[in-house]
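A structural walkthrough
Residue-level listing of the chains:
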Amino acid sequence: MKRGEEKSLHVSEAITRDLLVQEVKVWSRRIGVEERLKEIHVRPMKRKWASVSTRGRLTLNAELFAQTAEFRREVIVHELVHLKLNHGSHNSLFRALTRAYLYGLNTR
Ligand SMILES: [Zn+2]
């Protein structure tokens, strides 16, 4: 996910790396990519909040520690849906799935 898409940088909740990794693991189970997620890396990133490779290597920006739980969730789900669909496109299927995982199927 590119930077500049975040809603707010003002509210922060500091969390530890282990918690971030735990959040990723919980979502990988929900989204059904647990098997495909091979590596989780956390490091400073200049231009992105996160990225994922088709081989299952997820990299998260260390600055996510200082973001809200809601924003971390958006970033994590975004990347894991890319992994699920096995492409980097933000097409309508990608957007529908991301919305469904974040907000449920019945909301508009
Ligand atoms: Zn993306």
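Residues numbered from 1 in each chain as written. Predicted model: local features only at pLDDT ≥ 70, side-chain atom pairs only at ≥ 80, totals over all residues.

The helix and strand tally for the protein stands at three helices and three strands. Starting at the N terminus and ending at the C terminus, the protein contains elements arranged as α-β-β-β-α-α. Residues classed as buried in the protein amount to 26% of the 108 residues present. The long-range share in the protein, meaning contacts at least 24 apart out of those at least 6 apart in sequence, stands at 56%. (Helix = DSSP H or I, 4+ residues; strand = E, 2+ residues; numbered from the N terminus. Buried ≥ 20, exposed ≤ 12 C-beta atoms within 10 Å, placed from the backbone. Contact = placed C-beta atoms within 7 Å.)

In spatial order, the strands read β1-β3-β2; together these three strands make up an open sheet with mixed pairing. A single partner strand is all that each edge strand has here, and the edge strands are β1 (39-43) and β2 (50-52). Neighbour-to-neighbour, the strand axes of the sheet open up by a mean angle of 15°, direction not taken into account. In the packing of helix α2 (residues 69-85) onto the sheet, contacts are made with β2 and β3 (57-61), and the angle to β2 comes to roughly 15°. (Pairing = 2+ DSSP bridges. Axes fitted to C-alpha atoms, helices over the stretch in contact; angles between N-to-C directions.)

Let us look at helix α1 (residues 17-31). For an α-helix the count is 3.6 residues per turn, leaving residues at separations of three or four pointing the same way. Compared with an ideal rise of 1.5 Å per residue, which puts 15 residues at 21 Å, α1 spans 21 Å between its outermost C-alpha atoms and is within 8% of the ideal. Restricting attention to buried positions, one finds in α1 the residues V24, W27, S28 and I31. Buried positions in α1, seen along its axis, are confined to an arc of 105° and lie on one side of it. Seen from the open side of α1, the exposed residues pointing more than 90 degrees away from its buried face are D18, Q22, V26, R29 and R30. Structurally, α1 contributes buried residues whose contacts are with β1, β3, α2 and α3 (92-103). Following α1 by one or two positions, G32 adopts a phi angle in the positive range, close to 80°. (Expected span 1.5 Å × (residues − 1). Arc of directions from axis to C-beta.)

Averaged over every residue, the pLDDT of the protein is 88; residues scoring 70 or more account for 86%. This model gives residues 8-14 a pLDDT under 50, and the stretch forms seven contacts once residues within four places in sequence are excluded. (pLDDT = per-residue confidence, 0-100.)

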